[in-house]
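# Residue-level structure breakdown
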Amino acid sequence: MQRLLRILVLVLILGLGALWGVAWFGRQPGEPLGDAFMRQVAALTGQEAPLPSAGVCSCRRE
């Protein structure tokens, strides 16, 4: 049972690492890595993710 749990945890870690790598190499110019990762997760789960802002941060109000 413990061996099965270790294998499942290893598969989960490797899957997240692969998803992070895809997000790293597939991100748009100026898109933060976290946003690219969330876009990849949304694509896997079938949800829509917002388009990248291309370097314009909507969190700052000047």
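Our subject in this report is the structure included herewith. (Residues numbered from 1 in each chain as written. Predicted model: local features only at pLDDT ≥ 70, side-chain atom pairs only at ≥ 80, totals over all residues. Heavy atoms only, no water.)

Right, let's talk about the overall build of the protein for a bit. Looking only at helices and strands, the protein features two helices and zero strands. Summing over all exposed atoms, the protein offers an accessible surface of approximately 5500 Å²; the carbon and sulfur share of this is 65%. (Helix = DSSP H or I, 4+ residues; strand = E, 2+ residues; numbered from the N terminus. Areas by Shrake-Rupley, 256 points an atom, 1.4 Å probe, with all protein chains shown as cover.)

Let us look at the packing of aromatic side chains. The final tally for this structure, using the stated rule, is one aromatic pair. Each ring, one from tryptophan 20 and one from phenylalanine 37, has its centre 4.9 Å from the other, and the planes form 50°; the classification is tilted. Of this pair, tryptophan 20 sits in helix H1 (residues 2-25) while phenylalanine 37 is found in helix H2 (residues 33-45), placing the two residues 17 residues apart along the sequence. On the basis of relative accessibility, which here comes to 39%, the residue tryptophan 20 falls in the partly exposed class. (Phe/Tyr/Trp six-rings, centres within 6.5 Å; stacked < 30°, edge-to-face > 60°. Buried < 20%, exposed > 50% of the residue type's maximum accessible area, 1.4 Å probe, protein only.)

This next bit is on the side chain of glutamine 40. Following the sequence through the fold, glutamine 40 ends up in helix H2. Excluding residues within four positions of it along the chain, glutamine 40 makes contact with Leu19, Val22 and Ala23. (Contact = heavy atoms within 4.5 Å.)

Before going further, it helps to spend a moment on the side chain of glutamate 31. By secondary structure assignment, the location of glutamate 31 is in the loop between H1 and H2. Taking the relative accessible area as the measure of exposure, glutamate 31 reaches 5% and is therefore buried. A distance of 2.9 Å separates the side chain of glutamate 31 from the backbone nitrogen of glutamine 28, its partner in a polar contact. (Polar contact = N/O pair within 3.5 Å; in protein donor to acceptor, adjacent residues only side chain to side chain.)

Take it as geometry only, folks, not as evidence of what the structure does.
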